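Now for the letters of each chain:
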Amino acid sequence: FSEEVDLPAVLRIEEVMGSERHIIEGGTPWLEAGVSDIEGLRAKLSEIESWSDIDLRQVIFSTGGQVSKAEEPNTESVTGSRGPATQATSILGTMNTLYWLIDYPEDMHRFFDVLADVIMRYHRVLESERGVIYRGYYWLDDNCALYSPDLYEEFCFPVVQRVQQEFAPSPDDYRYHHSDSEMRHLLPVMARYEFHDVNLGPLIPASLIREHMPRTVIQGCVAPNTLRDKDLDSVVAEVKRDFSAVG
C-alpha cells in the first residue's frame, strides 16, 4: 500500500460555479447542474461577480479540503481543468447550455466571461496555497463536440485564449487538450491554440489531426474497443496505420 494519504478534496471549479456533486450507487461522483432557469443563472453570476479573492478562497475550501504543498517554494507546475464547453454543461445542464447559447446569448457571454475569471482566480488561489508557480495548462473537454464551430469559437474559444494567456503565454509553455468525442469539426478552430499534445476521439483519423496540427504530438489514436476486444495484431495494425498516415 502507498504510504501517501489522499487529502480531502477542495471544491472543483464547477462546484464553485454552482454545480452539485452527487454520489450514485455503483457509479463515480457526478456533477449536476446548480441552476435550472435563466433567472437563476443571472442571480448566480451576480453573486460570483461580487466575490473578493478572500471570498473565493473561502468557497474553495468550504468543505474542509486541502492541497498538497510544494517541497521547494516557487516550483513550476502544470495545471489544468475541464474545458469550458464541458464545464458549462455541468454547471448549467447540457440542454440548458445548448438552448441558452441560442436563446440568451448575452447571458451566456456573461457566463463564459465569469467562468474564465473564476478559472484564473481559482488557480491563483491554489497556486498561493501550494507554493508553486503554474506554468502550462491542460484541458479535458469531452463535450466540446456538442458545439458547432461558430458557437464554440464565439463562446468557448475566448475562455481558452484568456486562460492560456495567463498560465501558458509562451509558445514553449505546455498546452494540452483531451476530448474523447467526435469533434473533428472543431479542429480548424483548435489549431489556433498551438497545442503541444492532443488526445482526441478515436473516430478522428490521425491524418486529419496532423493536417490541422502539423507540429502537435498526437496521443492515443488506438480505439478503446480495439484494446479491449481485439488481439495484439489488431492493436499493432492500428498503430502502424496511424504512423503511416502522419508520416
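In this report, we go over the structure that sits alongside the text. (Residues numbered from 1 in each chain as written. Predicted model: local features only at pLDDT ≥ 70, side-chain atom pairs only at ≥ 80, totals over all residues. Heavy atoms only, no water.)

### Observations concerning a nonpolar patch on the surface
Counted only if it meets this: Nonpolar side chains (Val, Leu, Ile, Met, Phe, Trp, Tyr) are joined into patches within 5 Å and like charges within 9 Å, using only residues with over 30% relative accessible area and no salt bridge. Surface accessibility in these figures is a Shrake-Rupley result with a 1.4 Å probe; residues are shielded only by whichever protein chains are displayed. Salt bridges are identified by distance alone: a Lys or Arg side-chain nitrogen within 4 Å of an Asp or Glu carboxyl oxygen. The way it works is that DSSP assigns letters per residue, a run of H or I at least four long becomes a helix, a run of E at least two long becomes a strand, and they are numbered from the N terminus.
The grouping of Val78, Tyr138, Leu140 and Tyr174 at the surface amounts to a nonpolar patch, some 290 Å² of accessible area in total. Within the secondary structure, Leu140 sits in strand 4 (residues 132-140).

### Describing the sheet that holds strand 7 (residues 217-218)
Applicable threshold: Two strands are said to pair when DSSP picks up at least two bridges between them. We call two residues in contact whenever any of their non-hydrogen atoms come within 4.5 Å of each other. Fitted lines through C-alpha atoms give the axes, limited to the stretch in contact for helices. The angle between two N-to-C directions lies from 0 to 180 degrees.
With parallel pairing, the five strands of this open sheet are ordered in space as 3-4-5-6-7. Where the open sheet ends on each side, the last strands, each with one partner, are strand 3 (75-82) and strand 7. Bridging between strand 6 (residues 197-199) and strand 7 involves two bridges; their strand directions are parallel. Bridge pairing in strand 7 places Val198 opposite Ile218. Running at roughly 140° to strand 4, helix 6 (residues 105-130) makes contact with strand 3 and strand 4 of the sheet.

### Considering the packing of helix 5 (residues 94-103) against helix 6
What counts, and what does not: The cut-offs work like this: below 35 degrees is roughly parallel, past 145 is roughly antiparallel, 65 to 115 is roughly perpendicular, and the gaps in between are oblique. Nonpolar residues are Ala, Val, Leu, Ile, Met, Phe, Trp, Tyr, Cys and Pro. Charged residues are Asp, Glu, Lys and Arg, and all others, Gly as well, are polar.
Their axes nearest at 6 Å, the elements helix 5 and helix 6 cross at an angle of 120°. With respect to each other, helix 5 and helix 6 are oriented oblique. Where helix 5 approaches helix 6, its residues Thr97, Trp100, Leu101, Ile102 and Asp103 are matched on the opposing element by Pro105, Met108 and Phe112. By residue class, the composition of the contact of helix 5 with helix 6 is six nonpolar, one polar and one charged.

### Thoughts on the nonpolar core
We apply this condition: Throughout, nonpolar core names a set of buried Ala, Val, Leu, Ile, Met, Phe, Trp, Tyr and Cys residues whose side chains join them through atoms within 4.5 Å. Here's how the labels work: a residue is buried when its accessible area is under 20% of the maximum for its type, exposed when over 50%, partly exposed in between, all with a 1.4 Å probe on protein chains only.
Grouped together as the largest cluster of nonpolar side chains are 63 residues, with contacts concentrated most on Phe111, Phe112 and Tyr152. Broken down by element, the residue count for this core peaks at 12 residues, all from helix 6. If we ignore the near neighbours within four places in the chain, the residues touching Tyr152 are Asp141, Cys144, Tyr147, Phe157, Val160, Leu186, Val189, Met190 and Tyr193.

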